[in-house]
Amino acid sequence: LYDDEFRQLGKHLASSSIFITNFILVDESGYFDNLAETKPMLHLWSLAVEEQFYIFWPLILWVAWKRSSNLLLVTIILTAASFTVNIAFVSSFPTQTFFYPFSRLWELLVGSILAWFYLYHNSLFATSEKHANVISTFGLVFLIGGVFFISEEFDFPSYNAVIPIIGAVLVIFAGSKGFVSKLFLMNPIAIWFGLISYPLYLWHWPIFSFLEILEGATPH
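**Details of the nonpolar core**
Item 1. Leu25, Val26, Leu42, Trp45, Val49 and Phe99 form the largest nonpolar core, which has 6 residues in total.
Item 2. Among the elements of the structure, α2 (21–26) and α3 (44–66) are those that each provide at least two residues to this core.
Item 3. Residue contacts for Leu42: discarding those within four places in its chain leaves Leu25, Ala36 and Trp205.
Item 4. Within the second largest apolar cluster, 5 residues are counted, among which are Phe53, Leu78, Leu105 and Leu109.

What follows is the structure, encoded as structure tokens:
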């Protein structure tokens, strides 16, 4: 790395240790900034957003619970507000919308809504195997659609993030009865990859990034 790149890497390492990398990266999106592919710790922005969610969301729930508020209603309102901010600013402030936590909060809160129904209305999940197969099939279609439809040409998250989120929700809702879970998620190979998925995530981007830096182009 050149001197300025090495200093930047140190800044990213330091900020990632306290989960604020996403805020640091917002200020590095100018015209003269180096390419995202040459930032080996770039992927840690998502862990920062997740950790910010894990810290503040339980506190919000605790305050709502102490005030005897409807937790589902609070979650839905925050989800709607976050999604609205995402749609309103993704075109005019794409970098901030991508990295700031509040405009990404709705993606995580959808999981919270699903968890609420699983805890308090579990009977909804007790679908027949036939229904579970249909639901999981639609989920798989949405997930595959997200892979092929979403590209750098589109604003993100915007409406585009809804596609993979619906897919994930449907697959989870279908549960172990759905064929997607039986075929893809519950076989030993998938479980093995699942067990090492987190370290794979931590390692994949630095390897690609350093290869990009060394070769001066996208690696084979």
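Moving on, there is more to tell.
**Examining the layout of surface pockets**
Item 1. Considered as a void within the structure, the largest pocket measures approximately 1,100 Å³ in volume.
Item 2. Taken together, 27 residues form the lining of the largest pocket, with Ala36, Leu42, Phe98, Phe99 and Glu152 sitting closest to its centre.
Item 3. Looking at the lining of the largest pocket, the elements with two or more residues in it are α5 (94–99) and α11 (197–215).
Item 4. At 4 residues, the largest contribution of residues to the lining of the largest pocket is made by α5.

**Examining the side chain of Arg104**
Item 1. Along the chain, Arg104 turns up in the loop between α5 and α6 (105–120).
Item 2. Given the relative accessible area of 7%, Arg104 is considered buried.
Item 3. In contact with Arg104, other than residues within four places in its own chain, are Trp45, Val49, Ser82, Thr97, Phe98, Phe156 and Pro157.

**Focus: the environment of Trp106**
Item 1. On the secondary structure map, Trp106 appears in helix α6.
Item 2. Judged by relative accessible area, which is 4%, Trp106 ranks as buried.
Item 3. Put simply, Trp106 and Phe173 are 67 residues apart on the chain and 18 Å apart in space, counted from C-alpha to C-alpha.
Item 4. Apart from the residues lying within four places of it in its own chain, the contact partners of Trp106 are Thr79, Ser82, Phe83, Asn86, Pro157, Ser158, Ala161, Val162 and Ile165.

**Here's the deal with the packing of aromatic side chains**
One pair of aromatic rings is described through two measures. These are the centre distance and the angle between the planes.
Item 1. What the rule picks out here adds up to 15 aromatic pairs.
Item 2. Judged by centre distance (5.2 Å) and plane angle (45°), the ring pair of Trp116 and Tyr120 falls under tilted. Linking Trp116 with Tyr120, this pair stays in helix α6, spanning 4 residues, or about one helical turn.
Item 3. Looking at Tyr120, the relative accessible area reads 53%, which means it is exposed.
Item 4. Every member of this aromatic cluster is reached through a ring pair, and the members are Trp45, Phe98 and Phe99.
Item 5. When the ring centre of Phe98 is taken as origin, the NZ or CZ atom of Arg104, which lies over that ring, is 4.8 Å away.

**Focus on the confidence of the model for the chain**
Item 1. The predicted model of the chain has a mean per-residue pLDDT of 93, with 99% of residues at 70 or higher.
Item 2. Across the chain, element-level confidence peaks in helix α4 (residues 71–89) with a mean pLDDT of 97 and bottoms out in helix α9 (residues 179–185) with 91.

**Some details on unusual backbone geometry**
Item 1. The step from Phe156 to Pro157 runs through a cis peptide bond, and the omega angle for that step is 10°.
Item 2. Among the structural elements, Pro157 can be located in the loop between α7 (129–149) and α8 (162–174).
Item 3. With a phi close to 60°, Phe19 is a non-glycine residue in the positive phi region.
Item 4. Of note, Phe19 is situated in the loop between α1 (3–17) and α2.
Item 5. On the accessibility criterion, Phe19 (32% relative accessible area) is partly exposed.
Item 6. The backbone of Ser158 sits at a positive phi, close to 50°, despite the residue not being glycine.
Item 7. Structurally, the position occupied by Ser158 is in the loop between α7 and α8.
Item 8. Under the relative-accessibility criterion, Ser158 is labelled buried at 9%.

**Observations concerning empty space enclosed by the protein**
Item 1. Applying the stated criterion to the full structure yields 1 cavity of 30 Å³ or more.
Item 2. In this structure, the largest cavity spans a volume of roughly 30 Å³.
Item 3. Taken together, Leu1, Glu5, Gln8, Leu9, His12, Thr38, Lys39 and Pro40 form the lining of the largest cavity.

Conventions used here
Per-chain numbering applies: the sequence of each chain, read as written, is numbered from 1 onward. Local features in a predicted model are, by the rule used here, given only for residues with pLDDT of at least 70; side-chain atom pairs are given and counted only at 80 or more, and totals for whole chains, interfaces and linings are based on all residues. As a convention, hydrogens and water are excluded, and side-chain values are obtained from all of the structure's heavy atoms. Here, nonpolar core means buried Ala, Val, Leu, Ile, Met, Phe, Trp, Tyr and Cys residues that are tied together by side-chain atoms lying within 4.5 Å of each other. Relative accessibility under 20% of the residue-type maximum defines a buried residue, over 50% an exposed one, and the middle range a partly exposed one, all with a 1.4 Å probe and only protein chains included. The numbering of helices and of strands both runs from the N terminus, where a helix is a DSSP run of H or I of at least 4 residues and a strand a run of E of at least 2. By definition, residues are in contact when any of their heavy atoms lie within 4.5 Å. With a 1 Å grid spanning the protein atoms alone, the term cavity applies to any set of points in which a 1.4 Å probe fits but cannot get out, the term pocket to an open set with protein on both sides within 12 Å along at least five of seven lines, and the term lining residue to any residue with an atom within 4 Å of a point. Grid points are joined across faces, edges and corners, and a volume is the space filled by probe spheres set on the points. The pairing test for Phe, Tyr and Trp rings, Trp by its six-membered ring, is centres within 6.5 Å, and the orientation test on the planes gives stacked under 30 degrees, edge-to-face over 60, and tilted for anything in between. Two conditions define a charge sitting above a ring: the NZ of Lys or the CZ of Arg must be within 6 Å of the ring centre, and it must be within 35 degrees of the ring normal. Each residue carries a pLDDT score, the predictor's own confidence in it, on a scale running from 0 to 100.

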